[in-house]
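Residue-level structural notes
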Amino acid sequence: GGMVALRIEEEEEEDEEDEVRFAKLRKERAELEKRLSEIVDELPHEKPKESSKKGKQTKKLLNQKDAEDRAAREEALRQAEQVSQKQKIEEADFENAQDMFGGGGGAQAGGADSGKFESWRLDHTTKQHDAEEFATYTASKIKTFSGEFLYMAMLRKLLSETTKTLDATQAKELMLVLTKGRDDFTVVDLVRNLFRDADRDITTEDITALLVKAKVTASKPKPGAAKKVEEVKSSRVELLKLIMQDFVKEMKPDDMGKVVEDACGVTLTRDQTSKIATRRAEMAGDPSAKKADTKAQVRGGGDHK
């Protein structure tokens, strides 16, 4: 019986030791689980590689959309500013026009010259002094824009619209007004500048039409003579040809020859002077001109080169 009691006592002591050990292990596990939870909370969330790539694509698309939205907002703002600026300009132009023409609504409306433009009349009862006075008044209003970038464009359109009904003589008279009282731009300057810029301002077809209208044709080549190489035409050359034809028709052959000699530094032969006279007769419609030209060719031989 003593042996049995001793074994039971030993088993009970072992059970107690196990309980103590298990208690320590449970406590240690609890502490480890708590620490693991803290570590998990501190660590960033790790995504699978595929998910991370997809996230980058999504972020790129979002950034692109943000950029597009921002550009759209900026464009809308620019357009709104342009509309606002245009509206301000139109309102300013409207008020300037009202002031210029004496209408209501502008800051200057109701002044001493209110309604002067609209109420003024030009008819058979108007005196020249009154017309010139009104022109000066109108010009003073227009000149208020002289410092603006589009001032010349406005003047070109104004002249174009107000001179469409003028005949050739009136148009020439109006052009000469540009040189009246000026030393830096005279009639000579006007003519020379127009001539120099002919290639830019006139087409060769326009001048050719005038040459045909004036019945001016090039001399026909002699039978058997080599055909001349067609020269490249320019408006300036064709214009000079037309002007020379005008001079030939309106001047004496000797005077025309003298002009050519002085300008070009050459001396014309008798045959060349005779040809000028023949051409003048042709343009004047003289039927004997062809006969005279034929005789001149026989007499002169081949010295006119």
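Along each chain, the written sequence defines residue order, and numbers are assigned to residues from 1. With pLDDT at 70 or above as the cut-off, local features in this predicted model cover only qualifying residues; side-chain atom pairs require 80 or more to be listed or tallied, and sums for whole chains, interfaces and linings still use all residues. Water and hydrogen atoms play no part in the side-chain values, which are based on all heavy atoms of the structure.

**Structural notes on the overall build of the protein chain**
Heads up, the condition is: Only DSSP runs of H or I covering at least 4 residues are called helices, and only runs of E covering at least 2 are called strands; the numbering of each starts at the N terminus. Relative accessibility decides the category of a residue: with a 1.4 Å probe and only protein chains considered, values under 20% of the type maximum give buried, values over 50% give exposed, and everything between is partly exposed. Residues count as neighbours in contact if any of their non-hydrogen atoms are within 4.5 Å of one another. Residue-level accessible areas treat just the shown protein chains as cover; the underlying method is Shrake-Rupley with a 1.4 Å probe.
A count of helical and extended segments in the protein chain gives 13 helices and zero strands. Beginning at the N terminus, the succession of helices and strands in the protein chain can be written as α-α-α-α-α-α-α-α-α-α-α-α-α. The buried share of the protein chain, reckoned over its 305 residues, is 14%. In the protein chain, 49% of the contacts between residues at least 6 apart in sequence involve partners at least 24 apart. Carbon and sulfur atoms make up 56% of the accessible area of the protein chain, which totals about 25800 Å².

**Structural notes on the packing of aromatic side chains**
In plain terms, the rule: Each aromatic pair joins two rings of Phe, Tyr and Trp (for Trp, the six-membered one) with centres within 6.5 Å, and gets the label stacked for planes under 30 degrees apart, edge-to-face for over 60, and tilted for any other angle.
The final tally for this structure, using the stated rule, is one aromatic pair. Consider the rings of Phe134 and Tyr137, whose centres lie 6.0 Å apart with planes at 40°: the pair is tilted. With a gap of three residues between them, Phe134 and Tyr137 both fall in helix 4 (residues 128-142), about one helical turn apart. For the pair shown, Phe134 and Tyr137 are each scored as buried.

**Considerations on helix 11 (residues 253-264)**
Put simply, the test is: To estimate the expected span of a helix, count its residues, drop one, and scale the result by 1.5 Å.
Between the first and last C-alpha of helix 11 there are 16 Å, a value that for 12 residues agrees with the 16 Å anticipated at 1.5 Å per step. The elements touched by buried residues of helix 11 are helix 10 (235-250) and helix 12 (270-283). Gly265 lies just past helix 11 and shows a positive phi near 70°.

**With respect to the packing of helix 11 against helix 12**
We count it as follows: Geometry is summarised by axes, namely lines fitted to C-alpha atoms with helices restricted to the contacting stretch, and by angles between N-to-C directions that run from 0 to 180 degrees. Roughly parallel refers to an angle under 35 degrees, roughly antiparallel to one over 145, roughly perpendicular to one between 65 and 115, and oblique to any angle outside these ranges. For any pair of crossing helices, the crossing counts as left-handed if the nearer helix is rotated counterclockwise from the farther one by less than a right angle, and right-handed if it is rotated clockwise.
Close contact between helix 11 and helix 12 brings their axes to 9 Å; oriented N to C, the two are set at 125°. Taken together, the axis directions place helix 11 and helix 12 in an arrangement best described as oblique. Once helix 11 is placed against helix 12, the crossing between them reads as right-handed. When helix 11 is examined against helix 12, the residues Pro253, Asp254, Met256 and Gly257 are found in contact with a partner set consisting of Thr273, Ile276, Ala277 and Arg280.

**A closer look at the pattern of salt bridges**
Quick reminder of the rule: Any carboxyl oxygen of Asp or Glu that lies within 4 Å of a side-chain nitrogen of Lys or Arg is treated as forming a salt bridge with it.
The final tally for this structure, using the stated rule, is 12 salt bridges. In this structure, Glu161 and Lys164 form a salt bridge, with 3.3 Å as the shortest nitrogen-oxygen distance. Residue Lys164 is classed as exposed on the basis of its relative accessible area, which comes to 59%. Connected through salt bridges with shared partners, the residues Lys157, Glu161 and Lys164 form a single ionic network.

**Examining the packing of helix 10 against helix 12**
For clarity, the threshold we go by: As a working rule, the residues Ala, Val, Leu, Ile, Met, Phe, Trp, Tyr, Cys and Pro are called nonpolar, Asp, Glu, Lys and Arg charged, and the rest polar, with Gly in that last group.
At a closest axis distance of 8 Å, the pairing of helix 10 and helix 12 adopts a crossing angle of 90°. By the angle between their axes, helix 10 is roughly perpendicular relative to helix 12. Side by side, helix 10 and helix 12 meet where Gln245, Val248 and Lys249 of the first sit next to Ile276, Arg279, Arg280 and Met283 of the second. When grouped by side-chain class, the residues that make up the contact of helix 10 with helix 12 number three nonpolar, one polar and three charged.

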